[in-house]
Amino acid sequence: MSSPTGVPDDDAYWQRPDPSSAQPAPPPAVTPRPAPRDDYPGPPRADPPPASWRPPTIAQPPPPRSLPGQDMDALDDAEGSARTVTYGVGLVAGAIAVILMCLLCARAMF
């Protein structure tokens, strides 16, 4: 079948072929695939490891060392001062952001 020439009709591609035209050749016969072979013997057997393959172990580990004592009041004071610095930096950054937004919006409006 040759492609049509000229402006094609939108539905011409989907129309049934003319019954008086030659029938297409049948599809080629599918050859069967050979069955897979199941004669794989598997991986070779490994030799067992020697009896002394593990590292030596210590029967009794030493007792854990004691940790130094903690000053809870000093830790609370350090956390409070760190919180104050963090809030201060956040407030300054927020104020700068608000000022920049006001400047940009004012410039866009005027």
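See above for the structure.
What you see is a predicted model; the values in this text were computed from it and never measured.

**As for the overall build of the protein chain**
Alright, step 1. Check the secondary structure of the protein chain and you find one helix and zero strands.
Alright, step 2. Over its C-alpha atoms the protein chain spans a radius of gyration of 43 Å, topping by over 25% the 13 Å that the globule rule assigns to 110 residues.
Alright, step 3. Here the protein chain, with 110 residues, has 0% of them falling under the buried criterion.
Alright, step 4. A total of about 12,100 Å² of accessible surface is found on the protein chain, and carbon and sulfur atoms cover 64% of it.

**Details of a nonpolar patch on the surface**
Alright, step 1. The grouping of Val92, Ile96, Ile99, Leu100 and Leu103 at the surface amounts to a nonpolar patch, some 490 Å² of accessible area in total.
Alright, step 2. Mapped onto the secondary structure, leucine 100 falls in helix α1 (residues 72–109).
Alright, step 3. Relative accessible area serves as the criterion here: at 48%, leucine 100 is assigned to the partly exposed category.

**Topic: a negative patch on the surface**
Alright, step 1. A cluster of like negative charges, contributed by Asp71, Asp73, Asp76, Asp77 and Glu79, occupies part of the molecular surface.
Alright, step 2. With respect to the helices and strands, the residue aspartate 73 is situated in helix α1.
Alright, step 3. The class for aspartate 73 is exposed, based on a relative accessible area of 56%.

**Quick look at the state of the cysteines**
Alright, step 1. Going through the model one piece at a time under the given rule, you end up with zero disulfides.
Alright, step 2. Considering cysteine sulfurs only, cysteine 105 is the nearest to cysteine 102, which forms no disulfide, with 6.9 Å between them.
Alright, step 3. On the accessibility criterion, cysteine 105 (40% relative accessible area) is partly exposed.

Rules and cut-offs
- Residues numbered from 1 in each chain as written.
- Predicted model: local features only at pLDDT ≥ 70, side-chain atom pairs only at ≥ 80, totals over all residues.
- Heavy atoms only, no water.
- Helix = DSSP H or I, 4+ residues; strand = E, 2+ residues; numbered from the N terminus.
- Rg over C-alpha atoms; globule rule 2.2 N^0.38 Å.
- Buried < 20%, exposed > 50% of the residue type's maximum accessible area, 1.4 Å probe, protein only.
- Areas by Shrake-Rupley, 256 points an atom, 1.4 Å probe, with all protein chains shown as cover.
- Patch = residues over 30% accessible without salt bridge, like charges linked within 9 Å, V, L, I, M, F, W, Y side chains within 5 Å.
- Salt bridge = Lys/Arg side-chain N within 4 Å of Asp/Glu carboxyl O.
- Lys, Arg positive; Asp, Glu negative; His and termini not counted.
- Charge placed at Lys NZ, Arg CZ, Asp CG, Glu CD.
- Disulfide = S-S within 2.5 Å.

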